[in-house]
Amino acid sequence: MSRSAENFWDKVYREKTVLSLSSVLGFLALWHLATDILGLMPAIVLPSPEKVFFTIYEKILAPVGEEKLFGHIGVSLVRILVGVGIALGLAIPLGILMGWYEDLDSMASPIIEVLRPIPPIAWIPLAILWFGIGLGSKVFIIAIGVFFPTLINTYIGVKFVDPLLIKAAQTLGAKDKDILWEVVVPASVPLIVAGVRIGVGLGMMCLVAAELVAASTGLGYLIMLGGDDLKPELSITGMILIGILRLLADRVILRIERRVIYWKKE
Amino acid sequence: MNEEQRPDKLSARNVSVMYEKDDTSFLAVDDVSMTIQEGEFVVIVGPSGCGKTTFMNTFAGLVRPAKGKVYMDGEEITGPSAERGVVFQQFALFPWKTVSENIEFGLKYRGIPKEQRDEIVKKYVQLIKLEGFEKSYPHELSGGMKQRVAIARVYANRPQVLLMDEPFGALDAQTRTIMQEDLSGMFLTEKRTVLFITHSVDEAIYLGDRVVIMTARPGKIKKIIPITRENLIPDRRQMRYDDVVNLKEFLELKADIWGLIKAEILEKHIL
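All right, on to the overall build of chain B then. What chain B contains, in helices and strands, is 8 helices and 10 strands. In chain B, which comprises 271 residues, the proportion classed as buried is 42%. At a minimum sequence separation of 6, the contacts of chain B that also span at least 24 residues come to 70%.

If you want it as structure tokens, here you go:
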């Protein structure tokens, strides 16, 4: 690439960054204008951006309910990690086995087809009944959210492995069990990871829903408390943090994705 | 053992294969019988879609005949086996495995210890001239390189029979010539029984002991032409491909075989 072309792209990149930054700043300025300056929205309905940032800063040190801010983040993080862990631990092996063994597929499919369309949030009352209002019920709801997309993607990944690769393995002397672990599972990894990504997204929604309904800690609780106590800045704080958490989760999964499917053409 | 009376390695008896496509089934291979002797290199040519691949896949154990039976060493073939290695038209390399790991794949199931496997892999990487690419993944290789890996993967596994389905079809002319000469050399040094499918009459005559010409669908055997003995181009495998294709005997054979294929195409109105 020539020097001038390089400069050209540098410039575009710089301009893009400048544009993105200015739109964010513009958004904050409008928000500030609408609340503090023009007073279009009373602070009890929509607090000013400074107030939100101050709340975030303040709550790092001062507790809200049982926990300080990082405590709430930590609690939510533990719930999501345990829920995702349990769901993946069940969904991936089950999906692999269902995709590979047709008898198991025939047995498990009807049950899964009945349970899958039920929105995970609909499980909340039963979850509380079965697991109480502690960690158990939240983890259960999150796990349900993560379980089905991961299961379905794993199943499809295994089911639609290029038959040519299986034939190649057979004619090289691999037996069924070897083919499952050496060919079918690695070949389905891209679809499995895609399923995990969808699942984790859904799991985060379930986390918030579960914490809204029955919790005294966590980011969902902060959001709920803001409404109850007429402190919208608290709700907005929780919303911003859950957004950041989801963004980070997506980044981490993308990283993992790039690592495990190193063999795929970009 | 007498050259002329080698035992049958592979045989097909009255093999017919049905094929299903879009809810209709049609006859792909129609009552084919043939034998391939141990150490023989047999090439099948024929019009596109004539059932060559399907017929070969019955020997591989990947397709079950609707009628008739296929045998190896007199025993019926009922499924795939490492003794009948297949080089597929589309390479079929494992994309998540490196060149070395691909070549090593079958050796693990033969129970060969790790050090020995490494040695075999090294030998074949040299043979296919891919030193320096041992740790490359298939997507980083050219078509010709991938095809060489696919061939080495099967060769390294030391099957008694090699089934090769248009292995050079995807290659450019130059690479193809090199690969034909390589294979020819490998066949001389590592004497195996080979069944080879191609569209190229030149390739068929250069490589084969016998050339089997199949009819258009449903595939039957139209004629079998021996190359080595009666037609006397015995040393061609030690010669360069470009020299062989200009021999008078070669051109005569080519005209004969082309005549048969052309007649078949015209007769069945394939064009």
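As a further point, take the overall build of chain A. Scanning chain A from terminus to terminus reveals 10 helices and 0 strands. For chain A, the N- to C-terminal ordering of α and β elements is α-α-α-α-α-α-α-α-α-α. By the compact-globule yardstick of 18 Å for 266 residues, chain A is too spread out, its C-alpha radius of gyration being 24 Å. Taken over the C-alpha atoms alone, chain A extends approximately 75 × 65 × 30 Å along its principal axes. Scored against the burial criterion, the 266 residues of chain A give a buried share of 35%. Counting contacts in chain A only where the partners sit at least 6 residues apart, residues at least 24 apart contribute 69% of the total.

Domain annotation of chain A identifies domain 1 (1–41) and domain 2 (47–260). For domain 1 of chain A and domain 2 of chain A, the distance between their C-alpha centroids amounts to 34 Å.

Turning next to the pairing of strand S7 (residues 161–165) of chain B. Remember that side chains alternate between the two faces of the sheet whenever the strand is regular. Residue and element names in this part refer to chain B. The buried fraction of S7 is high, at 5 of 5 residues. Going residue by residue along S7, you find Val161, Leu163 and Asp165 tucked away on one face and Leu162 and Met164 tucked away on the opposite face as well. Bridge count between strand S6 (residues 84–87) and S7: 4 bridges; the pairing is parallel. Considered in S7, the bridge of Val87 is made with Met164. Bridge count between S7 and strand S8 (residues 193–197): 5 bridges; the pairing is parallel. From the neighbouring strand, Leu162 faces S8, where its bridge partner is Val194. On the question of chirality, the crossover connecting S7 to the parallel S8 by way of helix H5 (residues 173–189) is right-handed.

Turning our attention to the interface of chain B and chain A. Facing the 20 residues of chain B at the interface are 14 residues of chain A. The class makeup of the residues in the side of chain B that touches chain A is 13 nonpolar, 5 polar and 2 charged.

Let us look at the sheet that holds S7(B). Residue and element names in this part refer to chain B. Across the sheet, 6 strands lie side by side as S6-S7-S8-S3-S9-S10; this open sheet has mixed pairing. The open sheet has two free edges, formed respectively by S6 and strand S10 (221–226), since each of these has just one partner strand. Geometrically, the sheet is characterised by an average inter-axis angle of 15 degrees between neighbouring strands, direction not taken into account. With respect to the sheet, helix H8 (residues 248–267) is in contact with strand S3 (41–45), strand S9 (210–214) and S10, its orientation differing from that of S10 by roughly 175 degrees.

Next up on the list: the packing of helix H9 (residues 219–228) of chain A against helix H10 (residues 232–260) of chain A. All names here are of chain A. One can describe the packing of H9 onto H10 by two numbers: an axis separation of 6 Å at closest approach and a directional angle of 155 degrees. Considering their axes alone, H9 and H10 lie roughly antiparallel with respect to each other. Every pair of crossing elements has a handedness; the one defined by H9 and H10 is left-handed. Between H9 and H10, the contacting residues are Leu219, Leu222, Ile223, Leu225, Gly226 and Gly227 on the first element and Pro232, Glu233, Leu234, Ser235, Thr237, Gly238, Met239, Leu241 and Ile242 on the second.

To continue, consider the domain arrangement of chain B. All names here are of chain B. The domain boundaries assigned to chain B delineate domain 1 (3–83 + 171–267) and domain 2 (95–158). Taking the mean C-alpha position of each, domain 1 and domain 2 sit 26 Å from one another. Counting from both sides, the interface comprises 6 residues of domain 1 and, opposite them, 9 residues of domain 2. Across the side of domain 1 that touches domain 2, the residue classes break down as 4 nonpolar, 1 polar and 1 charged.

What follows is about the sheet that holds strand S4 (residues 67–72) of chain B. Residues and elements named next belong to chain B. As summarised here, the arrangement of the 4 strands in space is S2-S1-S4-S5, forming an open sheet in which the pairing is antiparallel. Since the sheet does not close on itself, it has two edges, and those belong to strand S2 (24–37) and strand S5 (75–76), each with one partner. Here S4 runs beside S5; their pairing, made up of 2 bridges, is antiparallel. Within S5, the residue paired with Met72 across the bridge is Glu75.

Before going further, it helps to examine unusual backbone geometry. Residue and element names in this part refer to chain B. Even without being a glycine, Asp31 presents a positive backbone phi close to 55 degrees. Note that Asp31 resides in strand S2. Non-glycine residue Phe91 carries a positive phi angle of around 65 degrees. Tracing the backbone through its elements, the reader meets Phe91 in the loop between S6 and helix H2 (99–109). By C-beta crowding, Phe91 is classed as buried, having 23 other C-beta atoms within 10 Å.

All names here are of chain A. Counting buried residues along H9, 7 of its 10 residues qualify, which places the element largely inside the surrounding structure. When we look at burial in H9, the residues that qualify are Leu219, Gly220, Tyr221, Leu222, Ile223, Met224 and Gly226. Residues of H9 that are buried in the fold lie against helix H3 (69–100), helix H8 (176–213) and H10. Positive backbone phi, approximately 55 degrees, marks Leu230, located one or two places after H9.

This paragraph deals with the environment of B:Val87. Residue and element names in this part refer to chain B. Mapped onto the elements of the fold, Val87 is located in strand S6. Distance in space between the C-alpha atoms of Val87 and Ile151 is 6.1 Å, their sequence separation being 64 residues. Not counting chain neighbours up to four residues away, the residues in contact with Val87 comprise Ala150, Ile151, Val154, Leu162, Met164, Asp165 and Pro167.

Parameters and conventions
Residues numbered from 1 in each chain as written. Chains lettered and ligands numbered in written order. Predicted model: local features only at pLDDT ≥ 70, side-chain atom pairs only at ≥ 80, totals over all residues. Helix = DSSP H or I, 4+ residues; strand = E, 2+ residues; numbered from the N terminus. Buried ≥ 20, exposed ≤ 12 C-beta atoms within 10 Å, placed from the backbone. Contact = placed C-beta atoms within 7 Å. Rg over C-alpha atoms; globule rule 2.2 N^0.38 Å. Domains from an automatic or database assignment. Pairing = 2+ DSSP bridges. Right-handed = clockwise from strand over helix to strand, strands pointing away. Nonpolar A, V, L, I, M, F, W, Y, C, P; charged D, E, K, R; others polar. Axes fitted to C-alpha atoms, helices over the stretch in contact; angles between N-to-C directions. Parallel < 35°, antiparallel > 145°, perpendicular 65-115°, else oblique. Left-handed = near helix turned anticlockwise from the far one by under 90°.

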